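Each chain, letter by letter, is given below.
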Amino acid sequence: MIWSLRILTADGKSYIENECVQFRIEKEAYTPYSRFEGIFVSSWRDLSNVSRVQFIYGVKTIHDGMGDSIEIYRQDHVTFMKVVSTSFSSMLCQNQTAPGMRTNLRFSDLSSEFASIPNVYFESTPRLNYIYIKEGSTMWDAAVNFSFRLNGTYPYVTSSNLVRTTPASNNQITVENRNIIKTGITYDRTKMISDISMQDIEGNYNSYTLKNENSALCNIIRKKQIPLDMQYLNDPQSALDYRIKFSMRSFKCTYTVYAGYLNEDLYDLMTIENVAEQKRVHKIIITGNNAQVRTLVGTYEDGFLL
């Protein structure tokens, strides 16, 4: 299979680069966008009005985003193009709207409340009776609140910039033992909080409290005090539950590095021979060029993902 880069411009031009010198793609469950970096053998051209960058494996687009930065340079008599791109879904973190209550919304209604971001789509969901948009909240903040209140989940974004609150239909992958390069486990306690307290509607402190038993086991004391979170008026205690879980995000990651790429996406089911059986994919890093590719796949165990 060939890795190729497609660049589209605002005036309707399309450029394809097939000579990949090196590339790197990163995506993970708690980051609402993928990030692509690549260097390709290319030629001089005007790319001042790039409207879209797509990285393609065979016929499958595995990254679709903006041309954040593009450099064309000549070295040793060869012209190269270096591209850095974040997926269109990164703009979920860059759009805000007026604060206040919104009622009877579907997940897709966030586009009309905030902004219609090009090439970003939303999973079809039932309606929520309300969401409360806080001062300074982004579109992604609202999506997180919607997903947690609807399903108790943290949303994620697929390669096609589809924002989901539940796992997609199961694509199953199997990594054979002969292709495995490295396996391991990481533990990250840097974000973990131990206690959280929140005001009630009358302004009284410590009306709502919650302890994180995991932090006590690790001798970690990090106490947080927050004002009443209007996003959770129907269930104030769940505001604390969300924050404890979020502080535990990606706490444990079991990972495998293998030779090749198997078209996996976030939340696909993976089996690693002699390592893991039918585990969700929560982290993907793909590196390489047209000659060789390595993929890191990881599965999390944390407050949201058990």
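Conventions and cut-offs
Residues numbered from 1 in each chain as written. Predicted model: local features only at pLDDT ≥ 70, side-chain atom pairs only at ≥ 80, totals over all residues. Heavy atoms only, no water. Helix = DSSP H or I, 4+ residues; strand = E, 2+ residues; numbered from the N terminus. Buried < 20%, exposed > 50% of the residue type's maximum accessible area, 1.4 Å probe, protein only. Contact = heavy atoms within 4.5 Å. Areas by Shrake-Rupley, 256 points an atom, 1.4 Å probe, with all protein chains shown as cover. Core = buried A, V, L, I, M, F, W, Y, C linked by side-chain atoms within 4.5 Å. Pairing = 2+ DSSP bridges. Axes fitted to C-alpha atoms, helices over the stretch in contact; angles between N-to-C directions. Polar contact = N/O pair within 3.5 Å; in protein donor to acceptor, adjacent residues only side chain to side chain.

Colleague: Teacher, can you tell me more about the overall build of the protein chain here?
Modeller: When you go through the protein chain residue by residue, the secondary structure sums to 4 helices and 23 strands. When each of the 306 residues of the protein chain is scored for burial, the buried share is 50%. A fraction of 65% describes how many contacts in the protein chain between residues 6 or more apart in sequence connect residues 24 or more apart. Here the protein chain displays about 14,800 Å² of accessible surface, and carbon together with sulfur accounts for 46% of that area.

Colleague: Mind showing me how you'd approach the nonpolar core here?
Modeller: Soluble, globular proteins show a tendency: their nonpolar side chains are buried together. Judged by nonpolar contacts, the single largest core of 77 residues is most densely connected at Trp3 and Leu110. By residue number, the principal contributor to this core is helix α2 (residues 139-151), which donates 7 residues.

Colleague: Just to check I follow, could you spell out the side chain of Gln231 for this structure?
Modeller: Note on placement: Gln231 falls in the loop between β18 (223-226) and α4 (236-247). You can call Gln231 buried: its relative accessible area is 8%. Beyond its immediate chain neighbours, meaning those up to four positions away, Gln231 contacts Tyr130, Tyr132, Lys134, Asp141, Asn145 and Arg149.

Colleague: Sorry if this is basic, but what is going on with the sheet that holds strand β17 (residues 208-211) here?
Modeller: In a beta sheet, neighbouring strands pair by backbone hydrogen bonds and run either parallel or antiparallel. A sheet is described by the order of its strands in space; here 3 strands give the open sequence β17-β16-β18, paired in mixed fashion. Looking at the sheet topology across the chains shown, the edges are occupied by β17 and β18. Taking each pair of neighbouring strands and ignoring which way they run, the sheet shows an average axis angle of 10°. The pairing of strand β16 (residues 195-198) with β17 spans 4 bridges and is antiparallel.

Colleague: What's the story with the environment of Tyr156 in this structure? I'm lost.
Modeller: With respect to the helices, strands and loops of the structure, Tyr156 is situated in strand β12 (residues 156-157). Along the sequence, Tyr156 and Ser194 sit 38 residues apart, while their C-alpha atoms lie 26 Å from each other. The contacts of Tyr156, once residues within four sequence positions are left out, are Ala29, Trp140, Leu162, Val163, Arg164, Thr166, Pro167, Ala168, Leu266 and Tyr267. Of note is the side chain of Tyr156, whose polar atom sits 3.1 Å from the backbone nitrogen of Ala168.

Colleague: Looking at this structure, how should I read the side chain of Ser42?
Modeller: Within the secondary structure, Ser42 sits in the loop between β4 (35-41) and β5 (50-57). A polar atom in the side chain of Ser42 sits 2.8 Å from the side chain of Glu17. Contact partners of Ser42, with chain neighbours within four places excluded, come to Glu17, Thr79, Phe80 and Met81.

Colleague: Teacher, can you tell me more about unusual backbone geometry here?
Modeller: With the exception of glycine, the majority of residues adopt a negative phi angle, and the majority of peptide bonds are in the trans configuration. The residue Asn161 is not glycine, and still its phi comes out positive at about 60°. Structurally, Asn161 can be placed in the loop between β12 and β13 (162-164). Residue Asn161 is classed as buried on the basis of its relative accessible area, which comes to 1%. Although it is not a glycine, Tyr267 adopts a positive phi angle of roughly 70°. Looking at the element boundaries, Tyr267 is found in the loop between β19 (252-259) and β20 (269-272). Overall, the relative accessible area of 10% leaves Tyr267 in the buried class.

Keep in mind that these numbers describe shape and distance, not what the molecule does.
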